[in-house]
Amino acid sequence: MPILYKKEDMNNVLPINSRKEMVAEMQGNGADVRSRFSLMIPERTLEDVIVPEIVMNRLRDSLAGITHRKTLQKWGLCKNKTGAGIVINLFGPPGTGKTLSAEAIANAIEKKLFTVSYSDLESKLIGETAHNIEKAFEYAGANDAVLFFDEADSILSKRVPDPSHSNDHEIIAIRNKVLKLMEGFSGVMILATNLAECFDSAARRRITDQVEFSMPDYETRIRLLEKFIPPECPVSEEITREWLATETEGLSGGDIENLVYAAARKALRENGPDCVIGRTHFSDAVNQQKTAAMQVGKN
């Protein structure tokens, strides 16, 4: 199993003095390229995650796999894993709570969260991106942090069938580097993707837990609306959570949060701070979000 960091590397670990996000800058070997990685002590918990009950149960199953790891090893259920680590893949539509869940998992196991995305790692220099990825794994290990790869499909995409360009070779090298590091990583790694179908099958075999996120059902939308419309918000008495939950069918939690904010802006534009947010404001905001969901970001 590869050693991802040495004991002396611990001298370079950033101190965490508050519950605010901290940024570590890492320099490539001899290259004027810097990747910015965020290291934070998570504050939000599973109580803050509002998802359908089946999704929450899967998240709790994943947590059980972490907290009872030694028992699972004692039962001989982890013997086929090359490394001692756990890899959890959170996949599903955007705005359904994947990033929040990653923070909540890290909080539940009392570890810092080390978040990286491909844009943090990418370099124009051949070979430097793979080097930055290796440094990300090292840094997570040295800080005993949960390693969270957002938009993980960008580094674990399907194999290029007939590579003929240098860029294709670079993509293959990056994916192979990540797969190797996943095997040897001894900590907790969380992936998040809106495009799980783009994952290479070799990546799937290295994932311990697959947690599918879905669009919120009616009951979940009720809970989301209770969260996103605070008591001090001047909403008309004709607006009920039940009506809004029906109107917002097909929208994600992120969409619902955005439309509440949009409805408030519309009321403010019309009547200023003494306004009341009414049915027309919410109906217009719902239609706006549904139109955007159908048209924006669609190929």
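Here is what the cut-offs are and how they apply
Residues numbered from 1 in each chain as written. Predicted model: local features only at pLDDT ≥ 70, side-chain atom pairs only at ≥ 80, totals over all residues. Heavy atoms only, no water. Helix = DSSP H or I, 4+ residues; strand = E, 2+ residues; numbered from the N terminus. Buried < 20%, exposed > 50% of the residue type's maximum accessible area, 1.4 Å probe, protein only. Contact = heavy atoms within 4.5 Å. Areas by Shrake-Rupley, 256 points an atom, 1.4 Å probe, with all protein chains shown as cover. Salt bridge = Lys/Arg side-chain N within 4 Å of Asp/Glu carboxyl O. 1 Å grid on protein atoms, 1.4 Å probe; cavity = no way out; pocket = protein on both sides within 12 Å on 5 of 7 lines; lining within 4 Å. Points joined across faces, edges and corners; volume = space filled by probe spheres on them. Phe/Tyr/Trp six-rings, centres within 6.5 Å; stacked < 30°, edge-to-face > 60°. pLDDT = per-residue confidence, 0-100. Pairing = 2+ DSSP bridges.

Asker: Explain the overall build of the protein to me, please; I cannot follow it from the model alone.
Answerer: A count of helices and strands for the protein gives eleven helices and seven strands. Expressed as a percentage of its 299 residues, the buried residues of the protein come to 46%. Counted over contacts in the protein with a minimum sequence separation of 6, partners at least 24 positions apart contribute 73%. Approximately 16,300 Å² of the protein is accessible, and the part contributed by carbon and sulfur atoms is 49%.

Asker: For this particular structure, what's the right way to read the side chain of Ser236?
Answerer: On the secondary structure map, Ser236 appears in the loop between helix H8 (218-228) and helix H9 (241-247). According to the relative accessible area criterion, Ser236 is buried, its value standing at 17%. If near-sequence neighbours (up to four positions away) are discounted, Ser236 is found in contact with Val276, Ile277 and Gly278.

Asker: Help me understand the pattern of salt bridges in this model?
Answerer: One side chain can pair with another of opposite charge once the charged atoms of both are near each other. Going through the model one piece at a time under the given rule, you end up with eight salt bridges. For the salt bridge of Glu103 with Arg44, the shortest nitrogen-to-oxygen distance reads 3.0 Å. Of the two residues, Glu103 sits in helix H3 (residues 98-108) while Arg44 sits in the loop between strand S2 (34-40) and helix H1 (53-67), which places them 59 residues apart along the sequence. Of the charged contacts in the structure, one is a salt bridge between Asp144 and Lys111, with a shortest N-O distance of 2.8 Å. Of the two residues, Asp144 is situated in the loop between helix H5 (128-142) and strand S5 (145-150) and Lys111 in the loop between H3 and strand S4 (112-117); the sequence distance between them amounts to 33 residues. Looking at Asp144, the relative accessible area reads 47%, which means it is partly exposed.

Asker: What should I look at first to understand the layout of surface pockets in this one?
Answerer: Over the atoms, a rolling probe the size of a water molecule traces out where space has been left empty. Approximately 920 Å³ is the volume found for the largest pocket. If you go around the largest pocket, you meet 41 residues; those closest to its centre are Pro93, Pro94, Gly95, Thr96 and Ser252. Secondary-structure elements contributing two or more residues to the lining of the largest pocket are H3, strand S6 (188-193), H8, helix H10 (253-271) and helix H11 (279-295).

Asker: What should I look at first to understand H3 in this one?
Answerer: The periodicity of an α-helix, 3.6 residues per turn, causes residues three or four positions apart to be oriented the same way. Counting buried positions over the eleven residues of H3 gives nine, a clear majority of the element. Residues Lys98, Leu100, Ser101, Ala102, Glu103, Ala104, Ile105, Ala106 and Asn107 constitute the buried set of H3.

Asker: I tried to follow the packing of aromatic side chains on my own but got confused; where do I start?
Answerer: Think of a pair of aromatic rings as described by two things: how far the centres are apart, and how the planes are tilted against each other in angle. Under the criterion given, the structure shown has three aromatic pairs. Ring plane angle 55° and centroid distance 5.0 Å describe the contact between Phe114 and Tyr139, whose orientation is recorded as tilted. Taken together, the residues Phe114 in strand S4 and Tyr139 in helix H5 connect sequence positions 25 residues apart. Exposure class is identical for Phe114 and Tyr139. Each is buried. Ring geometry for Phe137 versus Phe185: centroids 5.5 Å apart, planes at 85°, classification edge-to-face. Residue Phe137 is located in helix H5, and its partner Phe185 is located in the loop between helix H6 (166-184) and S6; the two are separated by 48 residues in the primary sequence. Given the relative accessible area of 5%, Phe185 is considered buried.

Asker: What should I look at first to understand H8 in this one?
Answerer: Of the residues making up H8, those classed as buried are Thr220, Arg221, Ile222, Leu224, Leu225 and Phe228. Against the buried residues of H8 lie H9 and H10.

Asker: Looking at this model, I keep getting lost on the environment of Phe213. Mind explaining?
Answerer: Turning to its location among the elements, Phe213 is positioned in the loop between strand S7 (209-212) and H8. Assessed through its relative accessible area of 1%, Phe213 is described here as buried. As for Phe213 and Val51, which are separated by 162 residues in sequence, their C-alpha atoms are 7.9 Å apart. Once you skip the residues sitting within four places of it in the chain, Phe213 turns out to touch Val51, Val55, Leu59, Leu90, Phe91, Gly92, Pro93, Thr96, Gly97, Lys98 and Ser101.

Asker: Even after reading the chapter, I still don't get the confidence of the model for the protein, so can you show me in this structure?
Answerer: One rule of thumb: low pLDDT means the predicted coordinates there are not for detailed reading. Taken residue by residue, the protein gives an average pLDDT of 82. The fraction at 70 or more is 79%. Across residues 1-35, confidence stays below pLDDT 50; counting only partners more than four residues off in sequence or on other chains, it has 73 contacts.

Asker: I'm lost on the pairing of strand S3 (residues 86-91) in this one. Help?
Answerer: Each regular strand carries side chains that alternate between the two faces of the sheet. A large share of S3 lies buried, amounting to six of its six residues. Side chains Ile86, Ile88 and Leu90 of S3 all project onto a buried face; the interleaved residues Val87, Asn89 and Phe91 project onto the opposite face, where all are buried too. Bridge count for S3 against S6 is six bridges, and the pairing is parallel. Each bridged residue has a counterpart across the sheet, and for Asn89 the counterpart in S6 is Leu191. With four bridges connecting them, S3 and S7 associate as parallel partners. Bridging from a neighbouring strand, Asn89 pairs with Gln210 of S7.

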